[in-house]
Structures are given as structure tokens and as C-alpha cells.
Amino acid sequence: MACSHIPTCPLFKHFQSNATLRSWKLMYCDSDKRSQNCERFKRSEAGETVPPNMLPNGKSILL
Amino acid sequence: MNLLTQYWPWWLGALALSFVAVGYFYSLGIPCGVSGVFGRVAGWREELEARSTEMSMARNAAQVQEQMMAEALAALQELPEEERKQVEAEMRAAQAQEAASAPAATTVVRPHPAAHLAFLASIAVGGLLAALSSGQWGLLTDMGATYSSFFGSGPSAWLILFVGGMCVGVGTQMAGGCTLGHGITGNSSLQIGSFTATAAFFATAVVASFIFKALL
């Protein structure tokens, strides 16, 4: 089963825009097991604020 | 039928609630839920900071996409070989089916906390208007006959209300939403977590009411 946070994840839409970005989805979103490794998922589950520019591996997009 | 003093027919109530839930989602781009809105107002500093980041991401969509792609390729290299090959094969399959240059996805910018505050204020104002126009406005010092029959009146009844309110606050934080967020918004978007939460809300309420009836 896919990650339960997909409906509310602001980055998921980006992960569908091309094949390279889709690798994020394949690595982190496509199963419950994979989503457990997502830093966004872990922070959200812990009730912490998730920065909008934080990637699933915990790195930030520099603006 | 007077809509301000009588219970609405179920179908009218359902239509009104769905109008609010769908309208809220399409106007603000986030699911409707009172506890979530309250949380966003309470954490307005973080909300403003996140909003500013999202605005910056929306302005620099192409740059954001480039960084996400570079980081994706780097993250891919860190996977165990077997898993990496599997992901790469799925990427190639996807690549064959799509256009060479897809447009960058736009970051959705969250609403300003003032919009959430306006929503909360509107709930209070709507209730006030309904009470005033139906002639029911007045200062109440208890929760009515049913509540008093269970918990009495005076300080102990207020203390129980306070503890109950705390439980609701902690519970909605733990469950990620309240009866509106899960019961209406979450269920209507077919979220399994919301089905589970709503079933738990109602089952607990039924069991608790039987326990209180037996004990008090």
C-alpha cells in the first residue's frame, strides 16, 4: 500500500512531473515500508512541523 | 420551517456540510478541519515561515525542479544495488511514456494564517447571529439539563468540562484531526486513516455513554 500521507504531501505532485523526479516516488512513496524511511513522513508522524522544502531524504532545497 | 430554530432535514444538513467542505478545499487548497485550522492559527509564526518558503519555491519553480532532480539522482546512487536497478528500470519505463520536457510542477502556497482566523471567527459570528435572530441569545452558566444530570453543576462540572476539553485537544492532535476533519473531509476523500478514526470516535462515544449511564 502506498504512503498514507500522499493526499496531503505538497511534494508528491512534483514527483509525478517527470521520470527522474518519479524516482522519489519509487524510493519513498510506493509502499508503507518505503515511506517509513521518508524524513517528511517521520517528522509529520512525530507531530513536528515539516519544512516545505525538505526532501524525503532529509536534505533541503536551497532557495 | 425556521432554519435558525429547528433541526434541519438530514439531506439539507448533508448538502450544507458538503458545500462547506468542498468550498473550503477549493478556495484554500487544504482539507477542511476545525482542529487543524486552530492549530495553524496557534502556530502562526511557523505557518508564515512555511508560506514564505512556498512562495519562494513557486517563484523559482524551474530551479526547484533542477535541484530535486539532482538530489533524486544522488539519492538513487545511495540505494543498495538491487533496489537501485529496480527503481532505474521503473524510471526507464516511465520515461518511454512521457514527453521529453515536462513542465515543472508549481508549488501550492498555503493560505495566510489570517484566512484561518477568519474561518474560526466566522464560526463564532455565525453562532451568534443564529442565536440573536432566533431569540435564544443569553449568557449560560451550565451546559443544560442533560449535562447537569450527569455531572451536576458548579465548579466540579466546570472542571470536568475543562478536562474533557483537554482530552479533545490532545486526542485530535494524536489522531491528526477531529470529527469534521476525519468524519467529513477525510472520509469523503476515501482516506483509510479517516475511516478508522471516525469508527473509533463513534465507538468510543457509544461505549462511554453506556458507561456513564451505568455509573451516574
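Look up a bit, the structure's there.
Our subject in this report is the structure included herewith.

**As for the overall build of chain B**
Right, on to step 1. Regarding its fold elements, chain B presents 10 helices and zero strands.
Right, on to step 2. Counting helices and strands in the order they occur from the N terminus, chain B gives α-α-α-α-α-α-α-α-α-α.
Right, on to step 3. A globule of 216 residues ought to have a C-alpha radius of gyration of about 17 Å, yet chain B, at 24 Å, is considerably larger.
Right, on to step 4. Summarising its shape, the C-alpha atoms of chain B cover approximately 70 × 40 × 35 Å along the three principal directions.
Right, on to step 5. Looking at chain B as a whole, 23% of its 216 residues are labelled buried.
Right, on to step 6. Pairs at least 24 residues apart make up 60% of the contacts formed inside chain B by residues separated by at least 6 positions.

**With respect to the interface of chain A and chain B**
Right, on to step 1. The partner chain B presents 38 residues to the 29 residues of chain A that form the contact.
Right, on to step 2. For the pair chain A and chain B, the number of links is one salt bridge.
Right, on to step 3. A salt bridge links glutamate 71 of chain B to lysine 59 of chain A; the shortest N-O distance between them is 3.9 Å.
Right, on to step 4. Summed over the shared surface of chain A and chain B, the number is three residue pairs in polar contact (both at pLDDT 80 or more).
Right, on to step 5. The element contributing the most residues to the side of chain A that touches chain B is helix 1 (residues 19-29) of chain A, with eight residues.
Right, on to step 6. Here the side of chain A that touches chain B is built from residues that sort into 14 nonpolar, 11 polar and four charged.

**Focus on a nonpolar patch on the surface**
All names here are of chain B.
Right, on to step 1. A cluster of nonpolar side chains, namely Val125, Leu128, Leu129, Leu132 and Trp137, defines an oily patch on the protein surface of about 510 Å² accessible area.
Right, on to step 2. Residue placement: valine 125 occurs in helix 6 (residues 113-133).
Right, on to step 3. Note on valine 125: relative accessible area 43%, which makes it partly exposed.

**Some words on the environment of alanine 175 of chain B**
Right, on to step 1. Along the chain, the position of alanine 175 of chain B falls in helix 8 (residues 155-175).
Right, on to step 2. It is 12 Å that separates the C-alpha atoms of alanine 175 of chain B and alanine 199 of chain B, two residues lying 24 residues apart in sequence.

**So, the packing of helix 1 of chain A against helix 5 (residues 81-97) of chain B**
Right, on to step 1. In the contact formed by helix 1 of chain A and helix 5 of chain B, the axes pass within 9 Å of each other and the chain directions differ by 135°. Comparing the axis directions of helix 1 of chain A and helix 5 of chain B gives the class oblique. For the pair helix 1 of chain A and helix 5 of chain B, the sense of crossing is right-handed. Where helix 1 of chain A approaches helix 5 of chain B, its residues Ala19, Thr20, Arg22, Ser23, Leu26 and Met27 of chain A are matched on the opposing element by Val87, Glu90, Met91, Ala94 and Gln95 of chain B.
Right, on to step 2. When grouped by side-chain class, the residues that make up the contact of helix 1 of chain A with helix 5 of chain B number six nonpolar, three polar and two charged.

**Considerations on the pattern of salt bridges**
Right, on to step 1. This structure, assessed with the given rule, holds eight salt bridges over all chains.
Right, on to step 2. With a shortest N-O distance of 3.1 Å, lysine 42 of chain A and glutamate 39 of chain A are connected by a salt bridge. In this pair, lysine 42 of chain A and glutamate 39 of chain A are both assigned in helix 3 (residues 39-45), three residues apart and thus about one turn of the helix distant.
Right, on to step 3. Here glutamate 39 of chain A falls in the partly exposed class, since its relative accessible area comes to 27%.
Right, on to step 4. Here arginine 110 of chain B makes a salt bridge to glutamate 47 of chain B, at a shortest N to O gap of 3.1 Å. Taken together, the residues arginine 110 of chain B in the loop between helix 5 and helix 6 and glutamate 47 of chain B in helix 3 (residues 44-59) connect sequence positions 63 residues apart.
Right, on to step 5. Shared partners join several salt bridges into a network, and the residues in it are Arg40, Glu47, Glu54 and Arg110 of chain B.

So, how was this worked out
Residues numbered from 1 in each chain as written. Chains lettered and ligands numbered in written order. Predicted model: local features only at pLDDT ≥ 70, side-chain atom pairs only at ≥ 80, totals over all residues. Heavy atoms only, no water. Helix = DSSP H or I, 4+ residues; strand = E, 2+ residues; numbered from the N terminus. Rg over C-alpha atoms; globule rule 2.2 N^0.38 Å. Buried < 20%, exposed > 50% of the residue type's maximum accessible area, 1.4 Å probe, protein only. Contact = heavy atoms within 4.5 Å. Salt bridge = Lys/Arg side-chain N within 4 Å of Asp/Glu carboxyl O. Polar contact = N/O pair within 3.5 Å; in protein donor to acceptor, adjacent residues only side chain to side chain. Nonpolar A, V, L, I, M, F, W, Y, C, P; charged D, E, K, R; others polar. Patch = residues over 30% accessible without salt bridge, like charges linked within 9 Å, V, L, I, M, F, W, Y side chains within 5 Å. Areas by Shrake-Rupley, 256 points an atom, 1.4 Å probe, with all protein chains shown as cover. Axes fitted to C-alpha atoms, helices over the stretch in contact; angles between N-to-C directions. Parallel < 35°, antiparallel > 145°, perpendicular 65-115°, else oblique. Left-handed = near helix turned anticlockwise from the far one by under 90°.

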